[in-house]
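# Breakdown of the fold
Residue-level listing of the chains:
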Amino acid sequence: MKLATWNVNSLAVRLPQLMDWLAQHQPDVVALQETKLTDEKFPHQALRDAGYHACWFGQRTYNGVALLSREPVDDVVKNIFGFADEQARVIAGSVRGLRVIGAYFPNGQAPGTDKFEYKLQWMRALRDWVREELARHPKLVLMGDFNIAPEDRDVYDPVAWTGQIHCTDEERHHFRELLALGLHDAFRLFEQPPKSWSWWDYRNLAFRKNQGLRIDHILVSDALRPAVEACGIDKAPRKNERPSDHAPVVLTLADAALG
DNA sequence: ATGACACCATCGTGGTGA
């Protein structure tokens, strides 16, 4: 079973690239972030024609998340239970006994701002809710755009980024809090090339110079860890003519471990 | 120190992202 997460930075703009990528890689489940579409504009028919069921949760202009799945998705939940949120950032569902949570963490803008405070509150609420989800669904995947570079090796210039947004102690603490629930950063379960990033700034020829951050992640629960066969970042879509600034992260699970 | 790029909403230019 192949799962993926991709911040597409506008599904309206990126739909053709998404269709190509789905046809090429045939993932079973995909979490999308930054669809930037109200729900009535979600391209569910095009995705259905491509063989995917979808559930989606969007808003105007910003944010917006979706789950795509070759098999139907059950028990769909939107946003963090118990956390009143104006912004569409989370969608969860169950496929083949697997609980999948797709999340678009707040950016946070800069430490000391209201947006940073919102990010911290949001992450606390997420942790508390994921703890409950894990108790109900031991086989769980939490994936998406975390907007956190967990360690210095996830940053092209860790000195310049010290204390900057995505790299603050508070954000990294919250990432470790998620791991402490019994989750594992699937990417780090394997040997990886150094300087592996999932995001590159559009400016300054950052992709060509490979100046990026690893801020898109797939966390797998203890119960799923033995089933993890591979995890990597697919840089290819970042080479498209009009790419998202993020690349997809892909996880392969052994089918035997699933229902 | 600032802006650089992309997208959205809107039609001149500001908000947001990371």
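Reading the values: rules and limits
Residues numbered from 1 in each chain as written. Chains lettered and ligands numbered in written order. Predicted model: local features only at pLDDT ≥ 70, side-chain atom pairs only at ≥ 80, totals over all residues. Heavy atoms only, no water. UniProt positions renumbered as here; feature names shortened; annotations may be inferred. Helix = DSSP H or I, 4+ residues; strand = E, 2+ residues; numbered from the N terminus. Rg over C-alpha atoms; globule rule 2.2 N^0.38 Å. Buried < 20%, exposed > 50% of the residue type's maximum accessible area, 1.4 Å probe, protein only. 1 Å grid on protein atoms, 1.4 Å probe; cavity = no way out; pocket = protein on both sides within 12 Å on 5 of 7 lines; lining within 4 Å. Points joined across faces, edges and corners; volume = space filled by probe spheres on them. Nonpolar A, V, L, I, M, F, W, Y, C, P; charged D, E, K, R; others polar. Near = heavy atom within 4 Å. Polar contact = N/O pair within 3.5 Å; in protein donor to acceptor, adjacent residues only side chain to side chain. Phe/Tyr/Trp six-rings, centres within 6.5 Å; stacked < 30°, edge-to-face > 60°. Salt bridge = Lys/Arg side-chain N within 4 Å of Asp/Glu carboxyl O. Expected span 1.5 Å × (residues − 1). Arc of directions from axis to C-beta. Contact = heavy atoms within 4.5 Å.

Per an unreviewed UniProt entry, chain A goes by the name Exodeoxyribonuclease III and belongs to Caldimonas aquatica. Regarding chain A, the UniProt comment filed under Sequence similarities (unreviewed entry) reads as follows: "Belongs to the DNA repair enzymes AP/ExoA family."

Our next topic: the overall build of chain A. Scanning chain A for helices and strands turns up five helices and 14 strands. A compact globule built from 259 residues should have a C-alpha radius of gyration of about 18 Å, and chain A, at 17 Å, falls within 12% of that. Structurally, chain A occupies a C-alpha span of about 45 × 40 × 40 Å along its principal axes. Across the 259 residues of chain A, 56% fall into the buried class.

It is worth spelling out the UniProt feature "domain: Endonuclease/exonuclease/phosphatase" (unreviewed entry) in chain A at this point. Mapped onto the present numbering, the UniProt feature "domain: Endonuclease/exonuclease/phosphatase" (unreviewed entry) falls on residues 4-246. Spanning residues 4-246, this segment combines 25% helix with 26% strand, and its end C-alpha atoms are found 13 Å apart.

The calculated volume of the largest pocket comes to roughly 580 Å³. What lines the largest pocket is a set of 29 residues, and nearest its centre among them are E34, Y104, N107, N147 and H166. Partitioning the lining of the largest pocket into residue classes produces 11 nonpolar, 11 polar and seven charged.

This brings us to the protein's contact with DNA strand B. Residues in close proximity to DNA strand B total 24 residues, the closest being S10, N107, H166, W199 and R203. Within 4 Å of the protein, the contacting atoms of DNA strand B are drawn from sugar and phosphate to the extent of 70%. Here a phosphate oxygen of DNA strand B and a side-chain polar atom of E34 are 2.9 Å apart. Between a phosphate oxygen of DNA strand B and a side-chain N or O atom of N147, the distance comes to 2.9 Å.

Turning to the packing of aromatic side chains, a few remarks are in order. The full count for this structure, using the stated rule, is seven aromatic pairs. A centroid spacing of 4.6 Å and a plane angle of 5° characterise the contact between F42 and W56, whose relative ring orientation is stacked. Note that F42 is positioned in the loop between strand 2 (29-33) and helix 2 (44-49) and W56 in strand 3 (residues 53-57), a separation of 14 residues in sequence. Using a relative accessible area of 22% as the deciding quantity, one classes W56 as partly exposed. Here the aromatic residues F105, W122, F146 and F175 are joined through ring pairs into a cluster of three or more.

Before going further, it helps to spend a moment on the pattern of salt bridges. This model, assessed by the stated rule, comprises 15 salt bridges. Between E171 and K119 there is a salt bridge, with its nearest N and O atoms 2.5 Å apart. A residue pair is termed long-range when its members are at least 10 positions apart, and E171 in helix 5 (residues 169-180) and K119 in helix 3 (residues 114-136) qualify at 52 residues. This pair shows no difference in class: E171 is buried, exactly as K119 is. For R214, the salt bridge identified is with D154, shortest N-O distance 2.7 Å. You can see R214 sitting in the loop between strand 11 (212-213) and strand 12 (216-221) and its partner D154 sitting in the loop between strand 8 (140-145) and helix 4 (158-161), a full 60 residues away along the chain. Several salt bridges share partner residues, and in doing so they unite D75, R99, E133 and R136 into one network.

For helix 5, with 12 residues, the first-to-last C-alpha span of 16 Å sits near the 16 Å given by 1.5 Å per residue. All buried positions along helix 5 are accounted for by E171, R172, H174, F175 and L178. Viewed end-on, helix 5 has its buried residues packed into an arc of 155°, placing them on one side of the element. Summarising the geometry of helix 5, the exposed residues directed more than 90 degrees from the buried face are D169 and A180. Against helix 3, strand 8, strand 9 (183-185) and strand 12 lie the buried residues of helix 5. Following helix 5 by one or two positions, G182 adopts a phi angle in the positive range, close to 105°.

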